[in-house]
Amino acid sequence: GDFTVMDADAAFWTIRNRHANLHMAFPVGSIEEIGWGLRREDEDLREAVEVFFRQQRDQENSALNDIWRRYLGMSLIQFTSLLGSMRAF
């Protein structure tokens, strides 16, 4: 086919790891954020997850950012910044 539609993180992974000759062109539709599902009564767990991801996202050399760089070629910070810039389209 001439094109395919997939979510952004899958597209970056595919281009980096499977099909380097592909190029991302433009976003399609609105950006949807995904997250973790926790039971309402697990307030302590919810807070711990939020703190963990905030710390991991904000520390350039965190384990989470290193994983994103290894598999997607950019840190989570860079990825969310890039997605934010695409909201203008």
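> Explain the overall build of the chain residue by residue, including any values.
Within the chain, the secondary structure is distributed over four helices and zero strands. Relative to the 2.2 N^0.38 estimate, which gives 12 Å for 89 residues, the radius of gyration of the chain is 15 Å and therefore markedly larger than a compact globule would have. Taken along the three principal axes of its C-alpha coordinates, the chain extends 50 × 30 × 25 Å. Looking at the chain as a whole, 18% of its 89 residues qualify as buried. When contacts within the chain are restricted to residue pairs at least 6 apart in sequence, those whose partners lie at least 24 apart make up 40%. Distance between charge centres in the chain, computed from 10 positive and 14 negative side chains, equals 4 Å.

> Please provide a residue-by-residue account of the packing of helix α2 (residues 43–58) against helix α3 (residues 63–72), values included.
Running from N to C, α2 and α3 point in directions that differ by 60°, and their axes come no closer than 7 Å. Considering the angle they form, α2 stands oblique to α3. Between α2, through Phe 53, Gln 56 and Arg 57, and α3, the contact on the second element is made entirely by Ala 63, Leu 64 and Asn 65. In the contact of α2 with α3, the residues fall into three nonpolar, two polar and one charged.

Analysis parameters
Residues numbered from 1 in each chain as written. Predicted model: local features only at pLDDT ≥ 70, side-chain atom pairs only at ≥ 80, totals over all residues. Heavy atoms only, no water. Helix = DSSP H or I, 4+ residues; strand = E, 2+ residues; numbered from the N terminus. Rg over C-alpha atoms; globule rule 2.2 N^0.38 Å. Buried < 20%, exposed > 50% of the residue type's maximum accessible area, 1.4 Å probe, protein only. Contact = heavy atoms within 4.5 Å. Lys, Arg positive; Asp, Glu negative; His and termini not counted. Charge placed at Lys NZ, Arg CZ, Asp CG, Glu CD. Axes fitted to C-alpha atoms, helices over the stretch in contact; angles between N-to-C directions. Parallel < 35°, antiparallel > 145°, perpendicular 65-115°, else oblique. Nonpolar A, V, L, I, M, F, W, Y, C, P; charged D, E, K, R; others polar.

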